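Okay, here's what each chain looks like letter by letter:
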Amino acid sequence: MKTIAVIPAYNEESRVEVVINDVSQYVSEVIVVDDGSSDATALNAEKAGAKLVQHVENCGAGAATMTGIDAARAMGAEIIVTIDADEQHNPKDIPALITPLKEGRADVVFANRFGQKNRIPFVRRFANGCGNILTFFTTGKWVSDSQCGFKAFGPKAIEEIDLKMSGFEFCSEIVRETVQHRWRMQQIPTKVLYSEYTLAKGQSFANGIKTALKVLLRSFLR
Amino acid sequence: MDLTFYQIIAPVIAVVAIVYAWSLVGRKKKTMWEGILWTLFWGLVASLAMFPNLMNWVSAVTGIKDRENAVFITFFGVLFFIVFYLVMRLEEMEQRQTRIVRKIALRDSGLDEDEKE
């Protein structure tokens, strides 16, 4: 099955090449969506051999992910893997993530950073816990790691997915899409590596509050 | 029992809103969960209209006992509605801008499926 990786990237010039090289070993093609970076992310992504799609303006992780999914669809993807560009995920987990899709047991697979022993700072555990509770409140579905960017989509999900949220709220929206379209879901424990870099790049507390408000507002406006 | 106009119209609107929400659930535009949340919200609106004495309890809890406070709360509600409307419009505009940026990105990469058709 043709597997394409989608990497949304914003100012990741120092990491994106390594991630592309590591991910390339497990997928047919790699798409990098440069979300209006002001550094050399786009240049480095092309140098590493990825298909580059560039936003002229920074729109957020959700918009970049959906652009990547659209691009992968146009390239005939049968499986799409989304992965962060900051090296926090281990590409060696990709085969385990896509196995349920290949075997026809799932339509969407969520990575679960809390499913195995990982060194995760307390603040991150707390923030992700709040994200999980909020996602459950708005969608009615419990996902152990709803805010993780490492996911895999099978043919049914690729055909039906339509994300409208631009920022980090898209993670909760994917859970909503799972409920809405009745996708079969699986969760696979994966490795995660938190470094000073990934912690600095991640969401701030204020951003988390903003994301939470947006999720609540959108679920009410629909 | 003398019913006021509000006591008649609010439950009617609530019923229409609930039916509409569940028709969206039926058409798969809303999830079952969202249907339940909408039902609870409009159910509360209808209950307050039909049983205004419920407000006695609310006023006892919140301390809104005189007209001045009622006026203050009413205008607070109006302002809340205006902010809500503005937020909705901003959301719409942000989504439109994102759609344009995404479309340009896909077109420039030769991957826009609409263009291909």
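Residues numbered from 1 in each chain as written. Chains lettered and ligands numbered in written order. Predicted model: local features only at pLDDT ≥ 70, side-chain atom pairs only at ≥ 80, totals over all residues.

K.L.:
Please provide a residue-by-residue account of the overall build of chain A, values included.
P.N.:
When its secondary structure is counted, chain A shows 9 helices and 7 strands. A compact globule built from 222 residues would reach a C-alpha radius of gyration of about 17 Å, and chain A, at 16 Å, matches this within 12%. With the principal axes as the frame, chain A shows a C-alpha extent of 45 × 40 × 35 Å. A buried classification covers 52% of the 222 residues belonging to chain A. When contacts within chain A are restricted to residue pairs at least 6 apart in sequence, those whose partners lie at least 24 apart make up 76%. (Helix = DSSP H or I, 4+ residues; strand = E, 2+ residues; numbered from the N terminus. Rg over C-alpha atoms; globule rule 2.2 N^0.38 Å. Buried ≥ 20, exposed ≤ 12 C-beta atoms within 10 Å, placed from the backbone. Contact = placed C-beta atoms within 7 Å.)

K.L.:
Can you break down the interface of chain A and chain B residue by residue, with the values?
P.N.:
The figure often quoted for interface size is the accessible area lost as the parts come together. Between chain A and chain B, the residue contacts involve 24 residues of the former and 20 residues of the latter. Elements with a minimum of two residues in the side of chain A that touches chain B: β3 (51–55), α3 (61–74), α7 (170–180) and α9 (205–221) of chain A. A total of 6 residues in the side of chain A that touches chain B trace back to one element, the largest contributor, which is α3 of chain A. For the side of chain A that touches chain B, the residue count by class is 11 nonpolar, 8 polar and 5 charged. (Nonpolar A, V, L, I, M, F, W, Y, C, P; charged D, E, K, R; others polar.)

K.L.:
Quick rundown of the confidence of the model for chain B? Include the residues and the values.
P.N.:
All names here are of chain B. In the predicted model, chain B carries a mean pLDDT of 82, and 92% of its residues have values of at least 70. Per-element confidence in chain B is highest for helix α1 (residues 5–26), whose mean pLDDT is 89, and lowest for helix α5 (residues 113–116), whose mean pLDDT is 68. Confidence metrics for the complex model read pTM 0.77 and ipTM 0.82. (pLDDT = per-residue confidence, 0-100.)

K.L.:
Account for the environment of V16 of chain B, with residues named and values stated.
P.N.:
Residue and element names in this part refer to chain B. Turning to its location among the elements, V16 is positioned in helix α1. On the basis of neighbour counts, which here come to 11 C-beta atoms within 10 Å, the residue V16 falls in the exposed class. Through-space distance from the C-alpha of V16 to that of L40 is 14 Å; in sequence the pair is 24 residues apart.

K.L.:
Could you give an account of the domain arrangement of chain B, naming the residues involved and the relevant values?
P.N.:
As assigned here, chain B comprises domain 1 (1–64) and domain 2 (66–117). Distance from the C-alpha centre of domain 1 of chain B to the C-alpha centre of domain 2 of chain B: 25 Å. (Domains from an automatic or database assignment.)

K.L.:
Run through the packing of helix α5 (residues 122–139) of chain A against α7 of chain A, naming residues and quoting values.
P.N.:
All names here are of chain A. Where α5 contacts α7, the axes come no closer than 10 Å and their chain directions differ by 35 degrees. Every pair of crossing elements has a handedness; the one defined by α5 and α7 is right-handed. When α5 is examined against α7, the residues L134, T135, T138 and T139 are found in contact with a partner set consisting of S172, V175, R176 and V179. Of the residues belonging to the contact of α5 with α7, the class tally is 3 nonpolar, 4 polar and 1 charged. (Axes fitted to C-alpha atoms, helices over the stretch in contact; angles between N-to-C directions. Left-handed = near helix turned anticlockwise from the far one by under 90°.)

K.L.:
Could you give an account of the nonpolar core, with specific residues and numbers?
P.N.:
All names here are of chain A. Ranked by internal contacts, the top residues of the largest apolar core, which has 61 residues, are A5, I7, I31, V32, I80 and V81. When residues of this core are assigned to their parent elements, the largest contribution, 7 residues, is made by α3. Not counting residues within four places of it along the chain, the set of residues in contact with V81 comprises T3, A5, V27, I94, L97, I98 and A152. (Core = buried A, V, L, I, M, F, W, Y, C linked by C-beta atoms within 7 Å.)

K.L.:
So what about the sheet that holds strand β2 (residues 29–35) of chain A? Which residues, and what values?
P.N.:
Residues and elements named next belong to chain A. Reading across the sheet, the 7 strands line up as β3-β2-β1-β4-β6-β5-β7 and stay open at both edges, with mixed pairing between neighbours. Two strands bound the open sheet, and with one partner strand each, they are β3 and β7 (185–189). The sheet shows a mean angle of 20 degrees between the axes of neighbouring strands, direction not considered. Where strand β5 (residues 108–112) meets β7, 5 bridges bridge the pair, whose relative direction is parallel. (Pairing = 2+ DSSP bridges.)

K.L.:
Just give me the short version of unusual backbone geometry, but keep the residues and values in it.
P.N.:
All names here are of chain A. Unlike most non-glycine residues, N11 shows phi in positive territory, near 50 degrees. For R182, which is not glycine, the phi torsion reads 55 degrees and is therefore positive. Note that R182 resides in the loop between α7 and β7.

K.L.:
Tell me about the environment of E113 of chain B, residues and numbers included.
P.N.:
Residues and elements named next belong to chain B. Mapped onto the elements of the fold, E113 is located in helix α5. A count of 11 C-beta atoms within 10 Å places E113 in the exposed class. Between the C-alpha atoms of E113 and K103, which are 10 residues apart in sequence, the distance is 9.9 Å.

K.L.:
Tell me about the packing of α1 of chain B against helix α2 (residues 32–50) of chain B, and name the residues and values.
P.N.:
All names here are of chain B. Here α1 crosses α2 at 175 degrees, and the two axes come no closer than 8 Å. Between α1 and α2, the angle is such that the two are roughly antiparallel. Residues Y6, Q7, A10, P11, A14, A17, I18, A21, W22 and V25 of α1 lie in contact with α2, whose contacting residues are M32, G35, W38, T39, W42, G43, V45, A46, A49 and M50. (Parallel < 35°, antiparallel > 145°, perpendicular 65-115°, else oblique.)

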